Amino acid sequence: MTLKIKVLLLLGIFLIPADNTFLVLAVNDGDTLVIDMNGPKTIRLLGVDTPETHHPTKPVQCYGPQASEYLKRLEGERISIVSDTTSYNKDQYNRLLRYIYFKGENINMKIVEQGYGFASLAYPSKHVDEFKILESKASRENKGLWGKCTVELNNGFPATQALSLLILDEKT
């Protein structure tokens, strides 16, 4: 092991090997995708929550389709995934909880930074403070859903209105 790698490891910087990339097979919504990891595996993005588009008991929410489209650009691309030792490995639906990287960028953080989703406190994350800062900045700058949707607290978590409610509001 070279001295440079030893120093990086001591500093807590983890290198993502070039061969540790996975093909994105499908995007389910703005915070869930499926990769080929010796077969299909579903990944739930850690630290982020986007408005709903496919929830079995909730309507499509404002800015949900835009968040899904943002993530869909990764279909057919190769991404890196990174776990968080301070969090759970999987969620209650057996999805892997991970940060995803595309071309060196943390996509989870980009989603919050650009206003496609919220900082999520549903699962522990060592980056929770960074996610909250990015969410605050996006909100202040009216980026994405912050400039287009009404954001409400739903069981203590931020959520946008259902699209059907927005359509009704526009007609009245």
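Relevant structure appears above.
The model shown is predicted, which means the values in this text are computed figures rather than measured ones.

**Q** What is the right way to look at the nonpolar core in this model?
**A** Generally speaking, a soluble globular protein has its nonpolar side chains buried in company with each other. Leu33, Leu71, Ile79 and Ile100 are the most contacted members of the largest nonpolar core, which has 36 residues in total. In terms of residue count, the dominant contributor to this core is strand S6 (residues 96–102) (five residues). Ignoring any residue separated from it by four or fewer positions in sequence, one finds Ile100 in contact with Leu33, Ile43, Leu45, Leu71, Leu74, Ile79, Ser80, Ile81, Glu105, Asn106, Ile107 and Asn108.

**Q** I'm lost on the pairing of S6 in this one. Help?
**A** Regular strands place their side chains on alternate faces of the sheet. Burial of S6 is extensive: six of the seven residues sit out of reach of the surface. Where strand S3 (residues 40–45) meets S6, three bridges bridge the pair, whose relative direction is parallel. Opposite Leu45, over in S6, you have Arg98 as the bridge partner. For strand S5 (residues 78–82) and S6, the ladder comprises three bridges, and the chain directions are antiparallel.

**Q** Honestly, the pattern of salt bridges in this entry has me stumped. Any pointers?
**A** A pair can form between side chains of opposite charge whenever their charged atoms are brought close. Here the structure, examined in full by the defined rule, presents seven salt bridges. Lys110 serves as the salt-bridge partner of Glu113, at 3.1 Å between the closest nitrogen and oxygen. One end of the pair, Glu113, and the other, Lys110, are both in helix H3 (residues 107–113), three residues apart, so they sit about a helical turn from each other. For the salt bridge of Glu141 with Lys137, the shortest nitrogen-to-oxygen distance reads 3.1 Å. The exposure class assigned to Lys137 is partly exposed, which follows from its relative accessible area of 37%.

Rules used throughout
- Residues numbered from 1 in each chain as written.
- Predicted model: local features only at pLDDT ≥ 70, side-chain atom pairs only at ≥ 80, totals over all residues.
- Heavy atoms only, no water.
- Core = buried A, V, L, I, M, F, W, Y, C linked by side-chain atoms within 4.5 Å.
- Buried < 20%, exposed > 50% of the residue type's maximum accessible area, 1.4 Å probe, protein only.
- Helix = DSSP H or I, 4+ residues; strand = E, 2+ residues; numbered from the N terminus.
- Contact = heavy atoms within 4.5 Å.
- Pairing = 2+ DSSP bridges.
- Salt bridge = Lys/Arg side-chain N within 4 Å of Asp/Glu carboxyl O.

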